[in-house]
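Commentary on secondary and tertiary structure
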Amino acid sequence: MTIPTLAEAAALIAAKKISPVELTQACLERMAAMNGALNAFILPTEERALADAKAAEAAIMKDGPIGPLHGIPMGLKDIVDTAGIRTTCQSKLLADNIPDTDATCAAKLAAAGTVLMGKLTTHEFADGGPSFDVVAPPARNPWNTDHFTAGSSSGTGAAVAAGMILCGIGTDTGGSIRGPAALCGIAGIKPTYGLVSRAGVAPAAFSLDTIGPMAWTAEDCALMLQVLAGHDPKDPASADRPVPDYTALLGKGLKGVRIGVIRHFHEEDSPVSQPVLGGIADAVSVFREMGAAISDVTLSPLQDWHAAGSLISMTERAAAYEEWARTRLDAFGERVQRRLMLGALVSGVDYVQAVRRRRELRDELRNAMRNLDVVLTAAAPGEAPKIDAIARWDVFAAPSFTIPFNVSGYPAMSVCSGFGPSGLPLSLQIVGKPFQEATVFQVADAFEKGTAFRGKRPAMIAA
Amino acid sequence: MPPTLTDEALDYLIASAGLTLDAAQKADIKTIHESLTAMKARVRQKRGHMAELAHSFGFTAEDL
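The rules we used
Residues numbered from 1 in each chain as written. Chains lettered and ligands numbered in written order. Predicted model: local features only at pLDDT ≥ 70, side-chain atom pairs only at ≥ 80, totals over all residues. Heavy atoms only, no water. Helix = DSSP H or I, 4+ residues; strand = E, 2+ residues; numbered from the N terminus. Rg over C-alpha atoms; globule rule 2.2 N^0.38 Å. Buried < 20%, exposed > 50% of the residue type's maximum accessible area, 1.4 Å probe, protein only. Pairing = 2+ DSSP bridges. Axes fitted to C-alpha atoms, helices over the stretch in contact; angles between N-to-C directions. Contact = heavy atoms within 4.5 Å. Salt bridge = Lys/Arg side-chain N within 4 Å of Asp/Glu carboxyl O. 1 Å grid on protein atoms, 1.4 Å probe; cavity = no way out; pocket = protein on both sides within 12 Å on 5 of 7 lines; lining within 4 Å. Points joined across faces, edges and corners; volume = space filled by probe spheres on them. Nonpolar A, V, L, I, M, F, W, Y, C, P; charged D, E, K, R; others polar. Buried area = accessible area lost by both parts, 1.4 Å probe. Polar contact = N/O pair within 3.5 Å; in protein donor to acceptor, adjacent residues only side chain to side chain. Phe/Tyr/Trp six-rings, centres within 6.5 Å; stacked < 30°, edge-to-face > 60°. pLDDT = per-residue confidence, 0-100. Expected span 1.5 Å × (residues − 1). Core = buried A, V, L, I, M, F, W, Y, C linked by side-chain atoms within 4.5 Å.

Let us look at the overall build of chain A. Counting its secondary structure elements, chain A contains 15 helices and 11 strands. The C-alpha atoms of chain A give 20 Å as radius of gyration, which agrees with the globular expectation for 463 residues (23 Å, within 12%). Counting only C-alpha atoms, chain A reaches 60 × 60 × 45 Å along its principal axes. Out of the 463 residues in chain A, the part that is buried amounts to 65%.

Right, here's the structure in full:
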């Protein structure tokens, strides 16, 4: 069976041309064949998957699908609580943790009739990987297993790219959805802060954390976000506003859409590789040919955004995990130990200055986008690096292209923009205004359908 | 030139945070002091004392 997108699978299920059980079995076969090499799942749940698939199949045969996610195989990052199913956060500290209740996002996906294939590998507490000294090994990139997936939604990125699942949950504090989406060649969106409930998901940094979809295409992410979005009183940051139709603008074309390019981020502040640069230039040409109006945007240097986001992140993380840092620091992997140590060096005044800078930067982006619909920049500096070549103190190695939009809270998406000289995916980041995810999907979907990059899967799937 | 992080100052900060670090960890953390100081400088702007935090919020109907 070729690997359908979520949208294609939903149509086939609705037309009764494929059953959820057949679809799930095909995903289970790919999981059995590749998870040993990829470590994408820290805990496969085959029995649960088949039970979910059979239940979905019976319900669909009786009454038809309740929505496009009914019978769709998916996975949950292992910082998402699952009732009765081990949730380790990839940490020895929670190696035997079995939650009593589902996180809100897990419950919503279950209610939508999805098939839970298992818990997906992450970085320890969604931070600091790749780590080889935590409860399980890191995920590997299906395009080349010597290479990194990025993180921390590393297993989700690998599993979607390898066709083990059609969609999965990622979380994003500084780029943990968009990084793995970029390096694994899939689509992933960090929604507007507050759009998707964080209840039942382990925190990384409270004021930056977001939960979001990862899938093969932007359209698939839109279908998934439709289920995930909405107010939840259990999350104090949850936005109480109506949920729009995230597919409403798909296929509408880009005529008149106003696109800004934050060129200095990826050309001057932190120059990306030539292939990434070429991919962005090609994308801009595609958008222009589709009728979009293109202009340049100038913001504060990328390093300012990175500094504000990083100081906020390291402080909030140190606060969240302070008790364990004080009493069981050695139980964390070395990379997270180092991150938690940083909390000792950031004062309360440093943190407040970072939060004041955050307001200035957010206002700057709001003003810059006043006459724009989306802005573009890189999602990653190049192809995936080797998994053993990640800097020891990576937060200081180079500024992140993704963290500016955690700092601002704006929705941001990574899509595949081609392939580099090593055959690994390249990427592009599309950023919208708050709660305007439908416009982000419109642009991303038009790009995917106007290019041929969605037609290529990792070679290891066929091997 | 960032201020020097002396061993005594580092010990004080670590103790204040309630952490227990060995000599190798202390040496490791000292290697990034300059980079961290540069980050802290970037979030300090000429903004005056009236500049608000991003976290400022308004009350909603649920608060009433």
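Glancing now at the pairing of strand E7 (residues 258–261) of chain A. Across four bridges, E7(A) lies against strand E8 (residues 293–296) of chain A in parallel orientation. Residue pairing in the sheet places Arg258(A) in a bridge with Ala293(A) of E8(A).

The next subject is the sheet that holds strand E3 (residues 115–120) of chain A. Residue and element names in this part refer to chain A. Spatially, the 11 strands line up as an open sheet ordered E1-E3-E2-E4-E6-E5-E10-E11-E9-E7-E8, and their pairing is mixed. This sheet does not close on itself; its edge strands, each paired only once, are strand E1 (41–44) and E8. With strand direction ignored, the average angle separating the axes of adjacent strands in the sheet is 30°. Summarising the sheet, strand E9 (residues 374–377) and strand E11 (residues 425–432) pair through four bridges and their orientation is antiparallel. Within E11, the residue paired with threonine 377 across the bridge is glutamine 429. Seen against the sheet, helix H4 (residues 104–111) touches strand E2 (73–77), strand E4 (167–172) and strand E6 (210–215) and runs at an angle of roughly 175° to E2.

Moving on, we get to the pattern of salt bridges. This structure, assessed with the given rule, holds 27 salt bridges over all chains. A salt bridge links Asp296(A) to Arg263(A), with the nearest nitrogen and oxygen atoms 3.0 Å apart. You can see Asp296(A) sitting in strand E8 and its partner Arg263(A) sitting in helix H8 (residues 263–269), a full 33 residues away along the chain. The residue Asp11(B) makes a salt bridge to Lys26(B) at a minimum N-O spacing of 3.0 Å. Note that Asp11(B) is positioned in helix H1 (residues 7–16) and Lys26(B) in helix H2 (residues 23–30), a separation of 15 residues in sequence. Classification of Asp11(B) as partly exposed rests on a relative accessible area of 35%. A cluster of three or more residues bridged by salt bridges with shared partners is formed by Asp304(A), Arg357(A), Glu360(A), Arg42(B) and Arg47(B).

As a further point, take empty space enclosed by the protein. Residues and elements named next belong to chain A. For the coordinates displayed, the defined rule picks out two cavities of 30 Å³ or more. In this structure, the largest cavity encloses a volume near 50 Å³. Lining of the largest cavity is provided by Gln90, Thr122, His123, Glu124, Gly129, Pro130, Ser131, Val134, Ala136, Pro137 and Pro138. A per-class count over the lining of the largest cavity returns five nonpolar, five polar and one charged. A volume near 40 Å³ is recorded for the second largest cavity.

Take the interface of chain A and chain B next. Reports often express the size of an interface as the amount of accessible area lost when the parts come together. Tallying the contact residues gives 41 residues for chain A and 34 residues for chain B. Summing the contributions of chain A and of chain B, the shared interface buries around 3100 Å²; its carbon and sulfur component is 62%. Sorting the residues of chain A by area buried against chain B places Leu345(A), Arg356(A) and Arg359(A) first, and these three jointly supply 22% of that buried surface. On the surface where chain A and chain B come into contact, there are six salt bridges.

Residues and elements named next belong to chain A. Secondary-structure assignment places threonine 87 in the loop between E2 and H4. Note on threonine 87: relative accessible area 0%, which makes it buried. In this structure the side chain of threonine 87 is engaged in a polar contact, spanning 3.1 Å, whose partner is the side chain of threonine 82. There is a polar contact of 2.8 Å between the side chain of threonine 87 and the side chain of lysine 119. Apart from residues no more than four positions distant in its own chain, threonine 87 is found in contact with Asp78, Ile79, Val80, Asp81, Thr82, Leu94, Asn97, Pro99 and Lys119.

Here we take up the packing of aromatic side chains. Residue and element names in this part refer to chain A. Counting across every chain of the model gives 11 aromatic pairs over all chains. Taking the centre distance of 5.8 Å and the plane angle of 45° together, the rings of phenylalanine 125 and tryptophan 324 count as tilted. Remark: tryptophan 324 occurs in helix H11 (residues 322–328) and phenylalanine 125 occurs in the loop between E3 and helix H5 (154–161); sequence separation between them is 199 residues. Residue phenylalanine 125 is classed as buried on the basis of its relative accessible area, which comes to 4%. Their ring planes at 45° and their centres at 6.2 Å tell us that phenylalanine 447 and phenylalanine 453 sit as a pair that is tilted.

With that out of the way, let us pick up the confidence of the model for chain B. Residues and elements named next belong to chain B. On average, residues of chain B score 89 in pLDDT, and 81% of them reach the 70 mark or higher. Predicted confidence in chain B is weakest over H2, with a mean pLDDT of 95, and strongest over helix H3 (residues 33–42), with 97. Confidence metrics for the complex model read pTM 0.97 and ipTM 0.93.

The next thing to look at is helix H3 (residues 46–63) of chain A. Under the 1.5 Å per step criterion, the end-to-end length of H3(A) is 25 Å for 18 residues, consistent within 8% with the ideal 26 Å. Backbone geometry just after H3(A) places Gly64(A) at a positive phi near 85°.

Ile169(A), Phe287(A), Phe396(A), Met413(A), Ile430(A), Phe441(A) and Leu36(B) are the most contacted members of the largest nonpolar core, which has 131 residues in total. Once you skip the residues sitting within four places of it in the chain, Phe396(A) turns out to touch Met314(A), Leu342(A), Ile32(B), Ser35(B), Leu36(B) and Met39(B). Among the nonpolar cores identified, the runner-up in size contains 37 residues, and Phe148(A), Ala181(A), Ala380(A) and Ile387(A) belong to it.

The subject of this paragraph is the pairing of E6(A). Residues and elements named next belong to chain A. Within E6, six of the six residues are buried, which leaves it mostly tucked inside the rest of the structure. In this sheet, E6 lies alongside E4 in antiparallel orientation, the contact comprising six bridges. In the strand pairing of E6, cysteine 167 is matched with alanine 215. One ladder, built from two bridges, connects strand E5 (residues 187–190) with E6; its direction is antiparallel. Within E6, the position partnered with glycine 188 by the bridge is methionine 214.

Once that is clear, we can look at the environment of Phe447(A). For Phe447(A), the position within the fold is in helix H15 (residues 437–450). In contact with Phe447(A), other than residues within four places in its own chain, are Ala283(A), Val286(A), Phe287(A), Val415(A), Cys416(A), Ser417(A) and Phe453(A).

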